[in-house]
Amino acid sequence: MNSLIDKYNIPGPRYTSYPTVPYWDESTFSPEKWRETVIRSFHESNAEEGISIYIHLPFCEALCTFCACHKRITKQHSVEIPYLESVLKEWKLYLELFEEKPKLKELHLGGGTPTFFSPKNLKTLLEGIFESVEIAEHPEFSFEGHPNNTTRDHLQTLYDLGFRRVSFGVQDYDPKVQKAINRIQPFENVKNVTEWAKEIGYSGISHDLVFGLPHQSWEAMEHTIRKTMELKPDRLAFYSYAHVPWVKGVGQRGFDENDLPSGEEKRRLYEDGKKLLQDLGYIEVGMDHFSLEHDDLYQSLIQKKLHRNFMGYTSSNTQLMVGLGMSAISDSWYAFAQNVKTVEEYQKMVEEGHIPVVKGHILDQEDLTVRRHILNLMCQLETTFTDKNSFPELENAFDMLEEMEKDELVEIYDNQIKITEKGRAFTRNVAMVFDLRMMRNKPETRIFSMTI
């Protein structure tokens, strides 16, 4: 395995989209074209599966130095109401594009720290959204909760509004690691919010664990997993730490690359962590995710309905996802669009009556085909070709796949590629083989985190 790590541990995307954001072609994108694709996708999908909404709530009271998300650090809670008013105004701009009431299938509150906002203000935001939509049958509403500031009132308020899923960011329980990433978070806090969520009736409780953090050892990782098992969440995200200190605003400081586990050590954290999770009853789903057998994520895998988008893995496969808020990314299937990245500019554009997109990408036919194959690999660990000769450049992909087959990472059939159990750890590498936009324009500098 060590030789494979040396061979395949290269910078690569996580593929929450294809094309990935650094390869969006902004020359063919415009706000007008974006609106056209939103209308098209809405008409094609609203009556059936419905739509998804992602709301980016960017405020945090303190900077976690492992985080690569867009956020705003402040302790001033006076920012809450003006920001939420802007989100509702942005939503109204999208409503103007629709000729009928949207059917809402999926809603996710992400951050930043959604529980930075008071329960009362979150209720005002969500009631403002709900009054303009029809709630689909079996909706999937979820939010990210910070164990240090999520209150029972947060959990009860959101449950009463239809939320049944919550993910708590745990990362690691080792005090040395917590200090390095500026996330001091006692186990007792996580225990409290998890037990409150169970008592209230949440059916999908998730914990996020991260491997590859500074000063992290296997002994600490094992301790974190075993402490997590005391609480038995329904699912787990077991993420590889993405070290991207060159990205503006991520704040990855307080440690350097010398403090991080080596590629070999990091792979051990994953392999031994995965084995321990499986021994404890968790099933690996897609990449980086584990769930108990009763959880929707596992059931959607079995039914081949697992989906992946900018919110990560989901059991709801909606064609249109509207991203609201500063830096939020939207997906109409035919195009991607990202909002402006500062709170001030976001609020100004919305106030002026503009959908606040700053960049995006219109997918051509080749993009749509490649996107489907990468999505299949990321969700089902396999993909099927109707015609391998559709794009001559994919010939190079099969040359690389043959090398991976020799390494026992994939199995190649006449019209199908399957990732093996051994190859699961290299799923991102397999997907990269099909990334034609990256192949044509390989970056001269590092723009992605390492795959391992």
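Quick note: structure is the one above.
In this text the structure is predicted, and so the values were computed from the model without any measurement.

Colleague: How would you summarise the overall build of the chain if you had to cite specific residues and measurements?
Modeller: Scanning the chain from N- to C-terminus turns up 15 helices and 19 strands. In terms of overall size, the chain behaves like a compact globule, its C-alpha atoms giving a radius of gyration of 21 Å where 452 residues would be expected to give roughly 22 Å. Dimensions of the chain along its principal axes, counting C-alpha atoms only, are 55 × 50 × 40 Å. Looking at the chain residue by residue over its 452 residues, the buried ones come to 60%.

Colleague: I'd love a proper account of the side chain of Thr157, names of residues and values included.
Modeller: Mapped onto the elements of the fold, Thr157 is located in helix H5 (residues 152–160). Judged by relative accessible area, which is 13%, Thr157 ranks as buried. In this structure Thr157 touches Pro119 and Lys123, once residues within four positions along its chain are discounted.

Colleague: So, the pairing of strand E1 (residues 51–57): which residues are in play, and what are the values?
Modeller: Where burial is concerned, most of E1 is hidden: seven out of the seven residues are buried. Of the strand pairs in this sheet, E1 and strand E4 (residues 103–111) are connected by seven bridges, and their pairing is parallel. Within E4, the residue paired with Ile55 across the bridge is Leu109. In this structure, E1 lies alongside strand E13 (residues 321–324), joined through four bridges in parallel fashion. For Tyr54, the partnering residue across the bridge sits in E13 and is Gly323.

Colleague: How would you explain the sheet that holds strand E19 (residues 416–419) if you had to name every residue and give the values?
Modeller: Two strands in a sheet stick together by hydrogen bonds in their backbones, pointing the same way (parallel) or opposite ways (antiparallel). Spatial ordering of the open sheet is given by E17-E19-E18, a layout of three strands whose pairing is antiparallel. The open sheet is flanked by strand E17 (382–384) and strand E18 (410–412), the only strands paired with a single partner. With strand direction ignored, the average angle separating the axes of adjacent strands in the sheet is 10 degrees. By the bridge criterion, three bridges tie E18 to E19 in an arrangement that is antiparallel. Residue pairing across strands places Ile412 opposite Ile417, the latter belonging to E19. Its contacts with the sheet place helix H12 (residues 365–380) against E17 and E19, and it is angled at close to 145 degrees to E17.

Colleague: Let's hear about the pattern of salt bridges: which residues, and what values?
Modeller: Tallied over the entire structure, the rule returns 28 salt bridges. Between Asp288 and Arg14 there is a salt bridge, and its shortest N-O distance comes to 3.9 Å. One end of the pair, Asp288, is in the loop between strand E9 (283–285) and strand E10 (289–291); the other, Arg14, is in the loop between helix H1 (2–8) and helix H2 (31–45), with 274 residues separating them in the sequence. A salt bridge links Lys304 to Glu382, with the nearest nitrogen and oxygen atoms 3.8 Å apart.

Colleague: Tell me what's going on with the packing of aromatic side chains, and back it up with residues and numbers.
Modeller: Taken as a whole and judged by the stated rule, the model has 21 aromatic pairs. Pairing Phe143 with Phe163 gives two aromatic rings, centres 6.1 Å apart and planes at 75 degrees, and the pair type is edge-to-face. Remark: Phe163 occurs in the loop between H5 and strand E6 (165–171) and Phe143 occurs in strand E5 (residues 134–145); sequence separation between them is 20 residues. According to the relative accessible area criterion, Phe143 is buried, its value standing at 1%. Phe163 gets classed as buried once you look at its relative accessible area, which sits at 0%. Seen from their ring centres, Phe211 and Tyr270 are 5.5 Å apart, and the 40 degrees between their planes marks the pair as tilted. With Phe211 in strand E7 (residues 204–211) and Tyr270 in helix H9 (residues 263–279), this pair connects stretches of sequence that are 59 residues apart. When sorted by exposure, Phe211 lands in the same class as Tyr270, which is buried. An aromatic cluster of at least three residues, connected via ring pairs, comprises Phe130, Phe141, Phe143, Tyr159, Phe163 and Tyr202.

What counts and what doesn't
- Residues numbered from 1 in each chain as written.
- Predicted model: local features only at pLDDT ≥ 70, side-chain atom pairs only at ≥ 80, totals over all residues.
- Heavy atoms only, no water.
- Helix = DSSP H or I, 4+ residues; strand = E, 2+ residues; numbered from the N terminus.
- Rg over C-alpha atoms; globule rule 2.2 N^0.38 Å.
- Buried < 20%, exposed > 50% of the residue type's maximum accessible area, 1.4 Å probe, protein only.
- Contact = heavy atoms within 4.5 Å.
- Pairing = 2+ DSSP bridges.
- Axes fitted to C-alpha atoms, helices over the stretch in contact; angles between N-to-C directions.
- Salt bridge = Lys/Arg side-chain N within 4 Å of Asp/Glu carboxyl O.
- Phe/Tyr/Trp six-rings, centres within 6.5 Å; stacked < 30°, edge-to-face > 60°.

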